[in-house]
Amino acid sequence: MTRIALCQIPVSEDPDVNLSRARDALGEAAAGGAELAVLPEATLTRYGRRITDLAQPLDGPFVTGLAASAREHGLSVIAGVFEPGEGRVHNTAVAIGPSGSIEAAYRKIHLFDSFGARESDLVAPGDTPVVVELAGLRVGLVTCYDIRFPELTRALVDAGAEVFAVIAAWGSGPMKEEHWTTLVRARALENTTWVAAVGQAPNPEARDGFGIGRSMLVDPMGVVRTDLGSSPGVQTCEIDSQITIATRNALPCLEHRRLQVGGS
């Protein structure tokens, strides 16, 4: 068993406010016995043109503050930040170990140029899937719009991922919440893999519509074990590797793939 905390916090434009909220959430996660805590995409600051000015390197004050909390509480942390780049920033999921060390950084591959948004105007895409070991688990990192691309999670499970950590600042709108819950469950079921999906809680002070909540833990059979709804909160739950084994024994769909069909 691994205890994992879904930290569904609202995100403001101010990195200092967000760091304080994140550190409070990590303290609550630790009090609940969590070994791994997952914060949302863009925990550093809300989306907007300001991200190019507010982006910080991974050794900047925001990630350093998260690392201090990880070290203080002895837990691993995943959170979304913006890193400076050449002209555009990177939308990065940073993975921090319980000693406060940076274990991995995943730069979002699929950028949200949909529903009228143009993430690529401000963000440069990454190109490398990342699996990192945290709290005794091999964790595949996924950011928001990535969840719509099953080839990424399939690459992660082929690389040994035992759980997908999906961080998001999911946009509101017609059918958007249904898309989120369906896609998270689908990625779990098709890969017979746990999914810990954490989104920003709605921020009533914001006008951009990003953040619907609905953080979830979904098991390898696609069953929702925890759903935080729309309110801010920290929920600690368990990932049981024996459930993965039992599911794959009953449903060995990863073994049944016929990769040669349709190949060149």
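A brief look at the structure comes next. Treat the numbers as computed from the prediction; the structure is a model and nothing was measured.

Rules used in this analysis
- Residues numbered from 1 in each chain as written.
- Predicted model: local features only at pLDDT ≥ 70, side-chain atom pairs only at ≥ 80, totals over all residues.
- Heavy atoms only, no water.
- Helix = DSSP H or I, 4+ residues; strand = E, 2+ residues; numbered from the N terminus.
- Rg over C-alpha atoms; globule rule 2.2 N^0.38 Å.
- Buried < 20%, exposed > 50% of the residue type's maximum accessible area, 1.4 Å probe, protein only.
- Contact = heavy atoms within 4.5 Å.
- Areas by Shrake-Rupley, 256 points an atom, 1.4 Å probe, with all protein chains shown as cover.
- Lys, Arg positive; Asp, Glu negative; His and termini not counted.
- Charge placed at Lys NZ, Arg CZ, Asp CG, Glu CD.
- Pairing = 2+ DSSP bridges.
- Axes fitted to C-alpha atoms, helices over the stretch in contact; angles between N-to-C directions.
- Patch = residues over 30% accessible without salt bridge, like charges linked within 9 Å, V, L, I, M, F, W, Y side chains within 5 Å.
- Salt bridge = Lys/Arg side-chain N within 4 Å of Asp/Glu carboxyl O.
- Parallel < 35°, antiparallel > 145°, perpendicular 65-115°, else oblique.
- Left-handed = near helix turned anticlockwise from the far one by under 90°.
- Nonpolar A, V, L, I, M, F, W, Y, C, P; charged D, E, K, R; others polar.

### A few points about the overall build of the chain
In step 1: The helix and strand tally for the chain stands at six helices and twelve strands.
In step 2: Its C-alpha atoms give the chain a radius of gyration of 17 Å, within 12% of the compact-globule value 18 Å for 264 residues.
In step 3: Referenced to the eigenvectors of the C-alpha coordinate spread, the extents of the chain come out at roughly 50 × 40 × 35 Å.
In step 4: Looking at the chain as a whole, 54% of its 264 residues qualify as buried.
In step 5: Here the analysis covers contacts within the chain between residues at least 6 apart in sequence; of these, 68% occur between residues at least 24 apart.
In step 6: Looking at the chain as shown, the accessible area adds up to about 11,100 Å², and 50% of this sits on carbon and sulfur atoms.
In step 7: The distance from the centre of the 23 positive side-chain charges to the centre of the 32 negative ones in the chain is 5 Å.

### Concerning the sheet that holds strand β3 (residues 76–83)
In step 1: The mixed open sheet is built from six strands, whose spatial order is β5-β4-β3-β2-β1-β12. Strands with a single pairing partner mark the edges of an open sheet, and in this sheet they are β5 (102–107) and β12 (233–239). Direction aside, the axes of adjacent strands within the sheet are offset by 25° on average.
In step 2: With seven bridges joining them, strand β1 (residues 2–8) and β12 adopt antiparallel strand pairing.

### Examining a nonpolar patch on the surface
In step 1: Side chains of Leu 189, Met 221, Val 223 and Leu 251 sit close together on the surface and give an oily, nonpolar patch of about 310 Å² of accessible area.
In step 2: Assignment of secondary structure puts Leu 251 in the segment after α6 (241–250).
In step 3: Residue class for Leu 251 comes out partly exposed when judged on its relative accessible area of 32%.

### Brief notes about the packing of helix α4 (residues 150–158) against helix α5 (residues 176–191)
In step 1: Relative to each other, α4 and α5 sit at 40°, their axes nearing to 10 Å. By the angle class used here, α4 and α5 are oblique. Once α4 is placed against α5, the crossing between them reads as right-handed. Two secondary-structure elements touch here, α4 through Pro 150, Thr 153, Arg 154 and Val 157 and α5 through Arg 187, Glu 190 and Asn 191.
In step 2: For the contact of α4 with α5, the residue count by class is two nonpolar, two polar and three charged.

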